Amino acid sequence: MTSPEAMPDQSGATDPSGATDTPGSTDLPDATAAGAAEPTFADLTTLRVGGPIRRLVTVTTQRDLVDAAAHAWSDVEPWMALGGGSNLLVGDEGFDGTVIRIATKGIEVLPAAGPADESAAEPDTDADASTVHLRVQAGEVWDDLVAWTVKRGYSGIEALSGIPGCVGAAPVQNIGAYGQELESTLVAIEFLDEGADVPRRMAADELELGYRTSVLKQGLSGIVVSVELALHDTAAERAVLGEALGQPVAYAQLAGALHVDLGDRVPIARVRESVLALRASKGMVLDPDDRDSVSAGSFFTNPIVGEHAARSLPGDAPRWYLEPEVADEVVPLASALEESPLEQFLAHQASLEASAPVTDAAAAEPSVKLSAAWLIERSGIGRGFALPGSRAAISSKHTLALTNRGGASADEVAELARYVRNRVQAEFGILLHPEPVVVGLEL
């Protein structure tokens, strides 16, 4: 899974007018504290690399955010919004412009009917009665939000536990993991367009959400201010069963870890615990004692190729045929931190072939998603691999993660990324694309 930091790590937040409950904040150092040394991206990103920041502005309220953005946008110099820094690689030369660091907090439970929306259907169904609407400020740490919802028995994002980064970047990337997708719970966002002085509300269907992509990722310039979610309130179930059950388990690896069948429902807290354990086993949970977690998550997206190219790979290469609406996406789909076994692909392929209608021979070639991790490993690059003398290395737990083993430079990380990409291209003719936002470096 990938972390929810994208489009120069953009995120933002608003100061809620109602009562809020704020979980713990990120443990990244406050580079703007009085007497602090010149801030660098090495201080503020999970890869711990990157050069100095000429001007860093930390915002904690919507007014601060709007003012800082207006000042940056009135300048001819570049600007960048920074959230948790978990999907960002900046060069050793740093950034000669303004970085707006989003530090707003707040989780607000909205009235039962949700925000005013003339187009919304009347909430007269049982599903609506058991739905809780939240407005979450974009500076909130994503995993703190998940923990907050699990504690209160709200289901819908429990399988997204452990993803690093801030809430505001989640819709940019349309994050997903272990069978759950943000798209399933996202209602709307507040968005401050570049040049505007007031945020606007954008419904989820305006965001052109795709598999790990959105209109925000494709170039809409501005800052996510807050995110609205609709989750399932298990209060009625808890009254009968005595416990909160999560959404039906929809991912085979998670089902195996829970010792249940796909489609079963288990206590929401167990789902979170199992997901965190699975991610930790891959170095995908931030841990100061685990060097494998000093990364930007999965560094490469899983490539999308035509069926003909997919068939040219060895028979044991994992691959997934994409549904038509997903295959229409024009950008490579994002990385999967959790790889499905080949048996799942074969079963899925067989079901598609059995039910596929006869189509015109001139129809577009089907799109197939490949496993970047498999391609990397089969090109001769294994876990723990490092170039001679380099302090950057492939994670010892997960082939898709490039890690800083201690004191690495951004150039060393970029050099390793180029080497991996070139090896895969030479071996299979497939070009891998980076998942993190890259600033000031050539890959």
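Residues numbered from 1 in each chain as written. Predicted model: local features only at pLDDT ≥ 70, side-chain atom pairs only at ≥ 80, totals over all residues. Heavy atoms only, no water.

## Concerning the overall build of the protein chain
Inference 1: Across its full length, the protein chain holds 13 helices and 19 strands.
Inference 2: Scored against the burial criterion, the 443 residues of the protein chain give a buried share of 54%.
Inference 3: In the protein chain, of all internal contacts separated by at least 6 residues, the share reaching a separation of at least 24 is 73%.
Inference 4: Accessible surface computed for the protein chain: about 18,600 Å², of which carbon and sulfur atoms make up 51%. (Helix = DSSP H or I, 4+ residues; strand = E, 2+ residues; numbered from the N terminus. Buried < 20%, exposed > 50% of the residue type's maximum accessible area, 1.4 Å probe, protein only. Contact = heavy atoms within 4.5 Å. Areas by Shrake-Rupley, 256 points an atom, 1.4 Å probe, with all protein chains shown as cover.)

## Some remarks on the sheet that holds strand β2 (residues 79-82)
Inference 1: The strand order β1-β4-β2 describes an open sheet built from 3 strands, whose pairing is parallel. A single partner strand is all that each edge strand has here, and the edge strands are β1 (53-59) and β2. The mean inter-strand angle of the sheet, taken between neighbouring strand axes irrespective of direction, is 25°.
Inference 2: Relative to strand β4 (residues 95-102), β2 runs parallel, the two being bridged by 4 bridges. (Pairing = 2+ DSSP bridges. Axes fitted to C-alpha atoms, helices over the stretch in contact; angles between N-to-C directions.)

## Quick look at the pairing of strand β10 (residues 186-193)
Inference 1: Most of β10 is tucked away, with 7 of its 8 residues classed as buried.
Inference 2: With 7 bridges joining them, β10 and strand β12 (residues 222-233) adopt antiparallel strand pairing. Across the sheet, Phe191 pairs through a bridge with Val224, a residue of β12.
Inference 3: Note that β10 and strand β11 (residues 200-203) share 4 bridges and pair antiparallel. If you follow Phe191 over to β11, its bridge partner there is Arg200.
Inference 4: Here β10 folds back onto β11 in antiparallel fashion, the turn holding 6 residues, of which Gly195 has a positive phi close to 95°.

## As for the packing of aromatic side chains
Inference 1: Overall, the coordinates contain 6 aromatic pairs when judged by the stated rule.
Inference 2: Plain terms: the ring middles of Trp73 and Trp79 are 5.5 Å apart, the flat faces sit at 70° to each other, and that makes the pair edge-to-face.
Inference 3: Residue classification places Trp73 among the buried positions, given a relative accessible area of 14%.
Inference 4: Ring centres of Phe299 and Phe300 lie 5.2 Å apart, and the angle between their planes is 70°; this geometry places the pair in the edge-to-face category.
Inference 5: The class of Phe299 is buried, set by a relative accessible area of 1%.
Inference 6: Here the basic side chain of Lys369 rests over the ring of Trp320, its NZ or CZ set 5.6 Å away from the ring centre. (Phe/Tyr/Trp six-rings, centres within 6.5 Å; stacked < 30°, edge-to-face > 60°. Lys NZ or Arg CZ within 6 Å of the ring centre and 35° of its normal.)

## A short note on the packing of helix α4 (residues 142-151) against helix α8 (residues 268-281)
Inference 1: Put simply, α4 and α8 touch, their axes get as near as 9 Å, and they point 155° apart. For the element pair α4 / α8, the angle class is roughly antiparallel. For the pair α4 and α8, contact is made by Asp143, Val146, Ala147 and Val150 and by Ile268, Ala269, Arg272 and Leu276, respectively.
Inference 2: Class assignment for the residues of the contact of α4 with α8 results in 6 nonpolar, no polar and 2 charged. (Parallel < 35°, antiparallel > 145°, perpendicular 65-115°, else oblique. Nonpolar A, V, L, I, M, F, W, Y, C, P; charged D, E, K, R; others polar.)

## Re the environment of Ser379
Inference 1: One can find Ser379 in the loop between α12 (372-378) and β17 (392-394).
Inference 2: What makes Ser379 buried here is its relative accessible area of 1%.
Inference 3: In this structure, the C-alpha to C-alpha distance between Ser379 and Val424, residues 45 residues apart in sequence, is 5.6 Å.
Inference 4: The residues touching Ser379, leaving out its near neighbours within four places in the chain, are Arg423, Val424, Glu427 and Phe428.
Inference 5: Within polar-contact distance, the side chain of Ser379 engages the backbone oxygen of Ile376 at 2.7 Å. (Polar contact = N/O pair within 3.5 Å; in protein donor to acceptor, adjacent residues only side chain to side chain.)

## Focus on the confidence of the model for the protein chain
Inference 1: Summary statistics for the protein chain give a mean pLDDT of 82 and a share of 79% for residues scoring 70 or more.
Inference 2: Low pLDDT, under 50, characterises residues 116-127; the stretch is placed with 3 contacts to residues that sit more than four places away or in other chains. (pLDDT = per-residue confidence, 0-100.)

## Brief notes about helix α13 (residues 410-428)
Inference 1: Here α13 is 19 residues long and its end C-alpha atoms lie 27 Å apart, about the 27 Å a rise of 1.5 Å per residue gives.
Inference 2: Listed in full, the buried residues belonging to α13 are Ala410, Glu412, Val413, Ala414, Leu416, Ala417, Val420, Arg421, Val424 and Phe428.
Inference 3: Those residues of α13 that are buried are in contact with β3 (88-90), α12, β17 and β18 (401-404).
Inference 4: Remark: Gly429 follows α13 within two positions and exhibits a positive phi of approximately 70°. (Expected span 1.5 Å × (residues − 1).)

## Concerning the pattern of salt bridges
Inference 1: Tallying each qualifying case throughout the model produces 16 salt bridges.
Inference 2: Residue Arg135 is joined to Glu228 by a salt bridge in which the shortest nitrogen-to-oxygen separation is 4.0 Å. Here Arg135, found in strand β6 (residues 131-137), pairs with Glu228, found in strand β12; they are 93 residues apart in sequence, far enough to count as distant.
Inference 3: Assessed through its relative accessible area of 18%, Arg135 is described here as buried. (Salt bridge = Lys/Arg side-chain N within 4 Å of Asp/Glu carboxyl O.)

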